[in-house]
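The lines below spell out each chain.
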Amino acid sequence: MIIARAIDAYLDHLTVERGLSRNTLASYRRDLDRYARFLETSGRSILSEVRSADVSEHLAELREEGLASASAARAISAVRGLHRFAVREGLVAVDVAAEVRPPAPPKRLPKALDVDQVERLLAVADDTPLGLRDKALLEFLYGTGARISEAVGAAIDDLDLDGEPSAVLHGKGGRTRVVPVGGYAKAAIEAYIVRGRPALAANGRGTPAIFLNARGGRLSRQSAWTILHRAADSVGIAAVSPHTLRHSYATHLLDGGADVRVVQELLGHASVTTTQVYTLVTVDRLREVYATAHPRAR
């Protein structure tokens, strides 16, 4: 089958069988028409003549043209779908695009709040047992860099608030680490343990968890996330995630001059490569400061 007819058949299939939107089909049409033009310049007019190397070369050409990773990935996805369809329909014998992988999408930089936003988030005051718990939880997350799962999994015995305050966090893969607890977090946790937690614990059967729900049981990850989201909404901060305070903790440490290896240990990352994603955030911040402060930046 000639390539143009194969493309038409594939798009008809997507329209009828998959019910894709008009915009998505238009994008597929553009991607596949571009592919057909590339194959034509390579001397391929029949689908059975196409080789795996042709698909790889097409991907390379897309990247050389400066196409963004996401757009190139979508284009190659359309090409792979075309060849998969052709094999399934018996138009060709071999799927030549099966081994050609779309480019990996760029790593999304973690979302971090600025210091002012964090201070607004943590300034929400409520002297009820649940309010004291919520403040202690948020201060703990930002003051230790804990994952939400580590915070709700922490027990009273994991805290040492005397001398140099610290907490034991139980991380991924059974790894544990000891992290410092800042002064603000220590004060919030102590207020909660003295004036909030006993009232919540009285409603349950007893659990060693630091953070309790209204029934006296261990706070769930979902509930902890709801607490963060509710606090952010109350001060007009949008688009927070369960890792927002952890991301902010890491970014602010690096902005303040902390060594990336130290931050790696504090976050409990097995590899420094994971931590280095945060350095990209701080480089953006450095560029911003440079652009506004240096007389020769413009």
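For the structure itself, consult the block above.
About the criteria used
Residues numbered from 1 in each chain as written. Predicted model: local features only at pLDDT ≥ 70, side-chain atom pairs only at ≥ 80, totals over all residues. Heavy atoms only, no water. Helix = DSSP H or I, 4+ residues; strand = E, 2+ residues; numbered from the N terminus. Contact = heavy atoms within 4.5 Å. Core = buried A, V, L, I, M, F, W, Y, C linked by side-chain atoms within 4.5 Å. Buried < 20%, exposed > 50% of the residue type's maximum accessible area, 1.4 Å probe, protein only. Salt bridge = Lys/Arg side-chain N within 4 Å of Asp/Glu carboxyl O. Expected span 1.5 Å × (residues − 1). Arc of directions from axis to C-beta.

Student: Could you give an account of the side chain of Ser166, with specific residues and numbers?
Tutor: Of note, Ser166 is situated in strand S2 (residues 166–170). Once residues lying within four places of it in the same chain are set aside, the contact partners of Ser166 are Asp158, Leu159, Asp160, Val178, Val179, Pro180 and Val181.

Student: So, the nonpolar core: which residues are in play, and what are the values?
Tutor: One finds Leu121, Leu137, Phe140, Tyr192, Phe211 and Leu245 to be the most contacted residues of the largest nonpolar core, which totals 48 residues. The set of elements that each furnish at least two residues to this core consists of helix H5 (115–122), helix H6 (129–144), helix H7 (148–153), S2, helix H8 (183–195), helix H10 (221–234), helix H11 (244–255) and helix H12 (260–267). It is H6 that provides the largest number of residues to this core, a total of seven residues. Sequence-distant contacts of Leu121, that is, excluding residues within four places in its chain, are made with Leu113, Leu138, Leu228, Ala231, Ala232, Val235, Ile237 and Leu245. Counting residues in hydrophobic clusters, the runner-up holds 29 residues, among them Leu11, Tyr28, Val55 and Leu62.

Student: Could you give an account of the pattern of salt bridges, naming the residues involved and the relevant values?
Tutor: Taken as a whole and judged by the stated rule, the model has 12 salt bridges. In this structure, Asp134 engages Arg230 in a salt bridge whose closest nitrogen and oxygen atoms are separated by 3.3 Å. Taken together, the positions of Asp134 in helix H6 and Arg230 in helix H10 put the pair 96 residues apart, joining distant regions of the chain. Judged by relative accessible area, Asp134 falls into the buried class, the value being 14%. Here Glu150 and Arg147 are joined by a salt bridge, their closest N and O atoms 2.5 Å apart.

Student: So what's going on with helix H3 (residues 52–64)? Which residues, and what values?
Tutor: Taking 1.5 Å per residue, 13 residues should reach 18 Å; H3 reaches 19 Å between its end C-alpha atoms and fits that length. Along H3, the residues classified as buried are Asp54, Val55, His58, Leu59 and Leu62. Buried residues in H3, looked at end-on, bunch into an arc of 140°, giving them a common side. Each element contacted by the buried residues of H3 is listed here: helix H2 (22–41) and helix H4 (69–88).

By themselves, these figures tell us nothing about what the structure is for.
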